[in-house]
Amino acid sequence: VCEVPLRAQRGWSLDPEELLSAWRPAMKLIYLCSPNNPTANSFEPAAIEHICKTLDGKAIVVIDEAYIEWSRGASLTPWLQRFQTLAILRTLSKAHALAGARIGALLGSADLIQLAKRVIPPYALAQSTIEAALRALAPAELTLSRQRVVSLLNERERVHRALKGSALVEKVWPSDANFLLIDCHDAERFMRDSVSAGLIVRDLRGYAALPRSLRVSIGAAAHNDALLRAVGVP
Ligand SMILES: Cc1ncc(COP(=O)(O)O)c(C=O)c1O
């Protein structure tokens, strides 16, 4: 596996030239996550397009769109008409609140799907999982998911603004996802105060590029309020 790390100085943006110069013909799969976890940003469509144009037919370019529902940018699914070896991953675990069912979708050209079918084991999905997915995708449930997304987007903006007022927080990164990446003046205290309030914040300090960072998931308004109180937001 060859990793091409994102950098804070570039706002975690994707540098297609850097990725393409690291690519070798033996590398058959390029994995991009947009919006990305845990940096929360989406990559520029032009940067992804450059990679797709250069590598189409040479490698499978996978774009993980697990967080696309909260993004300002659109899904790249229309590009499936343009690129034979583009694959887009979607999940029902996030916006559709179906994490327990463990189901999502691979979108790609007919050839790519044929290839995937050769390696997927038979009966990979339980019948109950399929039924849960179909229920989640029925019109009434889709309306509810969209409403949840809209209220989360409002909460995300509110929590973003409020966290900037915490003395423990140095920077709140722009987010296209259902969480916020924050750089802390005092990450230890932020963690401790959140845990004391019964809230779990994801510690990212183990990542070399994120020595002072935490990931805060956006929850219901009452949970968000509890977090803000715990970290001393006035
Ligand atoms: C980028 C990304 N893709 C996919 C997933 C998981 O999706 P699933 O629950 O469908 O395996 C996650 C879960 O956190 C994620 O962060």
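Turning our eyes to something else, we now look at the environment of Trp79. Position of Trp79 among the secondary structure elements: in the loop between β2 (60–64) and β3 (86–91). In this structure the C-alpha to C-alpha distance between Trp79 and Glu49, which are 30 residues apart in sequence, comes to 8.8 Å.

With that settled, the discussion passes to the sheet that holds β3. Backbone hydrogen bonds hold the strands of a sheet together, and the pairing may be parallel or antiparallel. Taken together, the 4 strands give an open sheet; going across it, the order is β1-β2-β3-β4, and neighbouring strands pair in mixed fashion. Either end of the sheet is taken by a strand with one partner, and the two such strands are β1 (29–33) and β4 (104–108). Between one strand and the next, the sheet's axes are offset by a mean angle of 20°, whatever the strand orientation. Running over the sheet, helix α2 (residues 45–55) touches β1, β2 and β3 and is turned about 155° from β2. Across the sheet, helix α3 (residues 110–119) lies against β2, β3 and β4, angled at about 130° from β4, the strand it touches most.

Surveying the vicinity of the ligand reveals the residues Cys33, Asn37, Asp64, Ala66, Tyr67, Thr91, Ser93, Lys94 and Arg102. A distance of 2.6 Å separates a nitrogen atom of the ligand from a polar atom in the side chain of Asp64. One of the side-chain nitrogen or oxygen atoms of Ser93 is found 2.5 Å away from an oxygen atom of the ligand. Starting from 390 Å² of accessible surface for the ligand in isolation, the protein chains cover 66%. For the shell around the ligand, the class distribution of residues is 3 nonpolar, 3 polar and 3 charged.

Our focus in this paragraph is the environment of Ala26. The residue Ala26 is located in the loop between α1 (16–22) and β1 in this model. By relative accessible area, which is 71% here, Ala26 ends up exposed.

Our next topic: the packing of aromatic side chains. Tallied over the entire structure, the rule returns 4 aromatic pairs. The interplanar angle of 70° and the centroid separation of 6.1 Å between the aromatic rings of Trp79 and Phe83 together place this pair among those described as edge-to-face. The class for Phe83 is buried, based on a relative accessible area of 5%. Chaining the aromatic ring pairs together yields one cluster made of Tyr67, Trp70 and Phe179. A cation over an aromatic ring shows up here: Lys171 above the ring of Trp173, its NZ or CZ 4.3 Å from the ring centre. Note that Arg215 overlies the ring of Phe179, its terminal NZ or CZ placed 4.4 Å from the centroid.

In total, this model carries 0 disulfides according to the counting rule given. The structure places no disulfide on Cys2, whose sulfur is separated from the nearest cysteine sulfur, that of Cys52, by 18 Å. The exposure class assigned to Cys2 is partly exposed, which follows from its relative accessible area of 42%. Cysteine Cys52 is unpaired, with the sulfur of Cys33 as its nearest cysteine sulfur at 15 Å. Assessed through its relative accessible area of 1%, Cys52 is described here as buried.

All right, on to helix α6 (residues 187–196) then. Turning to α6, its buried residues are Ala187, Phe190, Met191, Asp193 and Ser194. The inward-facing, buried residues of α6 abut α5 (139–163), β5 (169–172), β6 (179–184), β7 (202–203), β8 (213–217) and α7 (221–230). One or two steps after α6, the chain reaches Gly198, where phi turns positive at roughly 80°.

Definitions and limits used
Residues numbered from 1 in each chain as written. Predicted model: local features only at pLDDT ≥ 70, side-chain atom pairs only at ≥ 80, totals over all residues. Heavy atoms only, no water. Helix = DSSP H or I, 4+ residues; strand = E, 2+ residues; numbered from the N terminus. Pairing = 2+ DSSP bridges. Axes fitted to C-alpha atoms, helices over the stretch in contact; angles between N-to-C directions. Contact = heavy atoms within 4.5 Å. Near = heavy atom within 4 Å. Polar contact = N/O pair within 3.5 Å; in protein donor to acceptor, adjacent residues only side chain to side chain. Areas by Shrake-Rupley, 256 points an atom, 1.4 Å probe, with all protein chains shown as cover. Nonpolar A, V, L, I, M, F, W, Y, C, P; charged D, E, K, R; others polar. Buried < 20%, exposed > 50% of the residue type's maximum accessible area, 1.4 Å probe, protein only. Phe/Tyr/Trp six-rings, centres within 6.5 Å; stacked < 30°, edge-to-face > 60°. Lys NZ or Arg CZ within 6 Å of the ring centre and 35° of its normal. Disulfide = S-S within 2.5 Å.

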